[in-house]
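Descriptive structure summary
The residues making up each chain are set out below.
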Amino acid sequence: MEITDVIGNLGRLQYYIIILIIYRGVPTAWHILAIPFLAPDTDHWCAKPHELENWTTTQWKNVSIPFDTNEHTFSQCQSYSYKLVQLPNSWDVIIDQNVTVPCTKWDYSSTDNTIITQWNLFCDREWLVSMNQTVVMLGMLFGVFLSSHLSDRFGRRPVLLGSLCLSIVPSFAGAAIPNLPFFYVTRFTSAMGVAGIQNAGVCILMETISPEYRLWVALSFSFGWTLGLIILPGLAWIIKDWQYFQVATTCGWLPMLAAWWFLPESPRWLLTRKRYTDAEDAIKKFLSANKLSVSNLDHTMKILEAKIEAEKTKKSTLTVLDLFKTPRLRRRTIEITFVTFTISFLYYGLTFDSARLGGSIYINLLISAAVEIPVCIVLPLVVKFVKRKPSMILSFVVTCVSCVLVIAVPEDLMVTKISLTMIGKMFISTAGSLVFVYGGEVFPTIIRTVGVGTSILCSRIGAAIAPFVRELGKTTHVAVPSVTYGVLSIVAAIMVLLLPETLNRLLPDTILEIENPEKLAKYQTESPVENTELQEPVAERY
C-alpha cells in the first residue's frame with residue numbers, strides 16, 4: 001500500500017500544491033535572471049570636471065575623449081590628460097592628446113538608476129556585475145545542501161515556509177539599503193531561500209502524488225519558469241529604477257504565503273520520523289480536502305507504518321564517493337555530470353548574451369523566453385516516445401552550429417545573430433529538460449538520488465561560471481564565448497554518445513547490474529517498461 005492509495009492519487013489538495021510549485025517558477029525566474037535589467041549595458045565616458053559644467057557633452061567628448069576609429073566609438077575608460085586653467089570669469093582646459101589617463105568619474109547615456117550607475121561598475125569594476133550572478137548561483141548551491149538536510153530533519157513544510165521568508169526579507173532589505181557589499185549578501189541569502197523553496201516544495205509534491213502522475217507533473221514545472229521569463233522584460237520596461245524593480249520582483253513571492261494556511265506536512269515524512277499522530281492528522285487533511293474517507297483509518301495507519309519501517313531497513317547508506325568506486329559507474333558519473341554542467345553553462349551564457357546582442361534588451365529577452373514555449377509543449381511527447389541519446393546529441397549539435405555561425409555573421413546583420421542565438425537557446429533548453437530524466441535512468445536505483453544530486457551540483461557550478469564568459473570575451477576576443485559554447489557542446493554530445501540508451505528499458509537497481517550489464521539484459525522484455533523511479537529529480541531543472 002502506498003500513501004497515495006489512502007489520500008488520493010491526485011486530489012484537490014494535490015492540485016493546490018502543484019499550482020503552488022509551478023507558480024514558484026515565476027518569481028524564481030525573476031530572481032535568477034534579473035541581472036540584465038538591474039545592470040543593463042550603459043554607454044559611459046569620463047566625466048567632465050564640474051568647473052566645465054557649461055560645456056556640452058559633445059564638446060567634452062570631441063576634445064578630451066580618445067576615439068577608436070576601428071570600433072567607431074569613444075573610449076569608455078580613458079580620457080586625454082588635461083589641466084584646468086582658471087580665467088578671470090571662467091575656466092579653460094589644456095588637453096595633452098599624447099597622454100591618456102583612466103577615468104575616476106563617469107557620465108552616462110542613460111538617466112535610469114541601475115546598479116551600474118549606483119556604484120560605478122565600469123571598466124576595472126565591470127567584473128562585479130558578473131559576480132552578482134555568480135553570488136546568486138552560489139547561494140542556490142549552498143541553499144540546496146542546507147535545505148536538504150533541514151527538510152529531512154525538521155520537515156518539508158517549515159523549510160518551505162522558512163525559505164520563503166528568507167527569499168522575501170533580504171530582497172526587500174537589499175533594495176532599501178543601497179550598499180554594494182550588503183546587496184551581494186542579500187542576493188546570496190535570498191538565493192538560498194529560492195533553493196529551499198524548490199527542494200522542500202518538490203519533496204512535498206512528489207511524496208503526495210502517485211508515481212503514475214509524477215513524470216507529467218515534473219515536466220510541467222518548466223511552465224512556471226517560462227511564464228516568469230516572458231513577464232520579466234515587460235516588468236523591467238515599466239519599472240526602470242533598480243530598487244523599485246527589485247521590490248516588484250520580490251513581491252512575486254508574496255502569493256506563496258498562502259501556503260501558510262493550506263499546505264500540510266508530508267505524511268510520508270512524518271511516518272519516517274515516527275510521528276504517527278501527526279501523520280494521521282496530515283492524512284485527515286488530505287482526506288477532507290479531497291473528499292475521501294477511509295473505513296478503518298487505524299488499521300490503514302498500521303499498514304503504512306509497517307511499510308515505511310521496512311523501507312527504512314533497506315535504505316542504502318551510499319554516498320557520492322560510491323559513484324567513483326567502480327569503473328563503469330565512475331564513467332557514467334563523469335559523463336552525465338559533464339553534460340549537466342555544460343547544459344547549465346550554455347543555457348545561462350546564451351540567456352545573458354541574448355540581452356547584450358544589440359537592439360532592445362526587452363525584446364531580446366522576450367524572444368529568448370518565448371523560444372522555450374515549444375519546448376514545454378513538445379517535451380512530454382519527446383520524453384515518452386523518442387530515444388534519449390539521439391535527442392540530446394541533436395540538441396548539442398544544433399547548439400554548437402548556431403553558436404559557431406554567430407561568429408561569421410557581420411554586426412550589421414543583427415537579426416540573423418539574434419535568430420541563431422535563440423535557436424541555440426531553444427535546443428539547449430530542450431537538452432536541459434531531458435538530462436535529468438536521462439540522468440535518473442542511467443544511475444542504479446540504490447544510488448540514483450545521490451547521482452542526480454551530484455549532477456544538479458555540477459549544473460549549479462556551470463551556472464555560476466557562465467556570467468564570466470562575457471568578461472573573457474572582452475579581455476581576449478569577441479569570438480571566444482561562442483567558440484567556448486561550440487566546443488563544450490561537441491564534447492557533451494560525445495559524452496552522451498558513450499552513455500547507454502534507456503527508453504523502454506528496464507532500469508538497473510544495483511551497482512552490480514551496471515558493472516555486469518548481462519545480468520540486467522536477461523530480464524529485458526519486448527514490451528515498454530515505464531520508469532517510476534526517476535520522476536522526482538526532473539523538477540530540479542532550474
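What to know about the overall build of the protein chain
From N to C terminus, the protein chain includes 24 helices and 6 strands. For a compact globule of 542 residues, the expected C-alpha radius of gyration is about 24 Å, and the protein chain comes in at 27 Å, within 12% of that figure. With respect to the principal axes defined by its C-alpha atoms, the protein chain has extents near 100 × 50 × 35 Å. Here the protein chain, with 542 residues, has 53% of them falling under the buried criterion. Put simply, of all contacts in the protein chain between residues at least 6 apart along the chain, 79% involve residues at least 24 apart.

A word on the state of the cysteines
Across all of its chains, the model carries 2 disulfides by this definition. One disulfide bridge connects Cys46 with Cys103, the sulfur atoms lying 1.7 Å from each other. The sign of the -75° torsion about the S-S bond sets the Cys46-Cys103 disulfide as left-handed. Residue Cys46 is located in strand S1 (residues 44–46), and its partner Cys103 is located in the loop between strand S5 (91–102) and strand S6 (106–108); the two are separated by 57 residues in the primary sequence. Paired by a disulfide, Cys77 and Cys123 hold their sulfur atoms 2.0 Å apart. The S-S bond linking Cys77 to Cys123 shows a torsion near -100°; that makes this disulfide left-handed. Of this pair, Cys77 sits in the loop between strand S3 (73–74) and strand S4 (78–86) while Cys123 sits in the loop between helix H5 (115–119) and helix H6 (127–154), and the two are 46 residues apart along the sequence. The class for Cys77 is partly exposed, based on a relative accessible area of 30%. Take the cysteines of the protein chain that form disulfides and number them in order along the sequence; they join up as 1-3, 2-4. Cysteine Cys203 shares no disulfide, and the gap to the nearest cysteine sulfur, in Cys165, comes to 19 Å. Accessibility expressed as a relative area gives 14% for Cys203, which makes it buried.

Remarks on the packing of helix H2 (residues 12–32) against helix H8 (residues 180–206)
Relative orientation of the contacting elements H2 and H8 amounts to 155°, with a least axis distance of 10 Å. Taken together, the axes of H2 and H8 lie roughly antiparallel to each other. Note on packing geometry: the crossing formed by H2 with H8 is left-handed. Taken together, the residues of H8 that come into contact with H2 (itself represented by Gln14, Ile17, Ile18, Ile21, Arg24, Thr28 and His31) are Arg187, Ser190, Ala191, Val194, Ile197, Gln198, Gly201, Val202, Ile204 and Leu205. In terms of residue class, the contact of H2 with H8 is made up of 9 nonpolar, 6 polar and 2 charged.

Remarks on unusual backbone geometry
Phi at Cys123 is positive, roughly 55°, even though this residue is not glycine. One non-glycine residue, Lys291, lies in the positive phi region at around 55°. If you trace the backbone, Lys291 turns up in the loop between helix H13 (276–289) and helix H14 (297–314). Given a relative accessible area of 65%, Lys291 falls into the exposed group.

Section: helix H10 (residues 242–251)
In terms of burial, H10 is largely enclosed, as 7 of its 10 residues are buried. All buried positions along H10 are accounted for by Trp242, Gln243, Phe245, Gln246, Ala248, Thr249 and Thr250. The N-cap of H10, judged by a side-chain oxygen 2.9 Å from the amide nitrogen of Gln243 a few residues on, is Asp241.

Section: the nonpolar core
The biggest cluster of nonpolar side chains holds 133 residues, and the ones touching the most others in it are Ile115, Val339, Tyr348, Met392 and Phe396. With 12 residues, H8 is the single largest residue contributor to this core. Apart from residues lying up to four places away in sequence, Phe396 is in contact with Val339, Thr342, Ile343, Ile428, Ala431, Ser489, Ala492, Ala493 and Val496.

A short note on the pairing of S5
Pairing geometry for S4 and S5, over 9 bridges, is antiparallel. When the sheet's bridge partners are listed, Gln86 is paired in S5 with Trp91. Where S4 folds back on S5, the antiparallel hairpin that results is connected by 4 residues.

Some words on the side chain of Thr430
Positionally, Thr430 belongs in helix H19 (residues 414–442). Residue class for Thr430 comes out buried when judged on its relative accessible area of 18%. Not counting chain neighbours up to four residues away, the residues in contact with Thr430 comprise Val375, Leu379 and Ser395.

Thoughts on the side chain of Glu515
Along the polypeptide, Glu515 turns up in helix H23 (residues 511–515). No salt bridge is formed by the buried Glu515; the nearest opposite charge belongs to Arg328, separated by 5.1 Å. Within polar-contact distance, the side chain of Glu515 engages the backbone nitrogen of Arg328 at 3.2 Å. When residues no more than four places from it in sequence are discounted, the contact partners of Glu515 are Thr326, Pro327, Arg328 and Leu329.

Considering the environment of Ala29
For Ala29, the location among the structural elements is in helix H2. Note on Ala29: relative accessible area 0%, which makes it buried. In this structure, the C-alpha to C-alpha distance between Ala29 and Leu232, residues 203 residues apart in sequence, is 8.1 Å. When neighbours within four sequence positions are excluded, Ala29 is seen to be in contact with Ala34, Trp225, Gly228, Leu229 and Leu232.

Topic: the environment of Ile95
Assignment of secondary structure puts Ile95 in strand S5. Sequence-wise, Ile95 and Thr484 are 389 residues apart; in three dimensions their C-alpha atoms are separated by 42 Å. Each residue touching Ile95, except ones within four places of it in the same chain, is listed here: Val63, Ser64, Tyr80, Ser81 and Tyr82.

Examining the pattern of salt bridges
The tally for this structure, following the rule as stated, stands at 8 salt bridges. A salt bridge links Arg156 to Glu207; the nearest nitrogen and oxygen atoms lie 2.6 Å apart. In this pair, Arg156 is assigned in helix H7 (residues 156–176) and Glu207 in the loop between H8 and helix H9 (211–238), connecting sequence segments 51 residues apart. For the pair shown, Arg156 and Glu207 are each scored as buried. Taking the shortest distance from any N to any O, the salt bridge between Arg275 and Asp278 comes out at 3.0 Å. Taking relative accessible area as the criterion, Arg275 reaches 37% and is therefore assigned partly exposed. Salt bridges sharing partners connect three or more residues here, namely Asp152, Arg156 and Glu207.

Reading the values: rules and limits
Residues numbered from 1 in each chain as written. Predicted model: local features only at pLDDT ≥ 70, side-chain atom pairs only at ≥ 80, totals over all residues. Heavy atoms only, no water. Helix = DSSP H or I, 4+ residues; strand = E, 2+ residues; numbered from the N terminus. Rg over C-alpha atoms; globule rule 2.2 N^0.38 Å. Buried < 20%, exposed > 50% of the residue type's maximum accessible area, 1.4 Å probe, protein only. Contact = heavy atoms within 4.5 Å. Disulfide = S-S within 2.5 Å. Axes fitted to C-alpha atoms, helices over the stretch in contact; angles between N-to-C directions. Parallel < 35°, antiparallel > 145°, perpendicular 65-115°, else oblique. Left-handed = near helix turned anticlockwise from the far one by under 90°. Nonpolar A, V, L, I, M, F, W, Y, C, P; charged D, E, K, R; others polar. Polar contact = N/O pair within 3.5 Å; in protein donor to acceptor, adjacent residues only side chain to side chain. Core = buried A, V, L, I, M, F, W, Y, C linked by side-chain atoms within 4.5 Å. Pairing = 2+ DSSP bridges. Lys, Arg positive; Asp, Glu negative; His and termini not counted. Salt bridge = Lys/Arg side-chain N within 4 Å of Asp/Glu carboxyl O.

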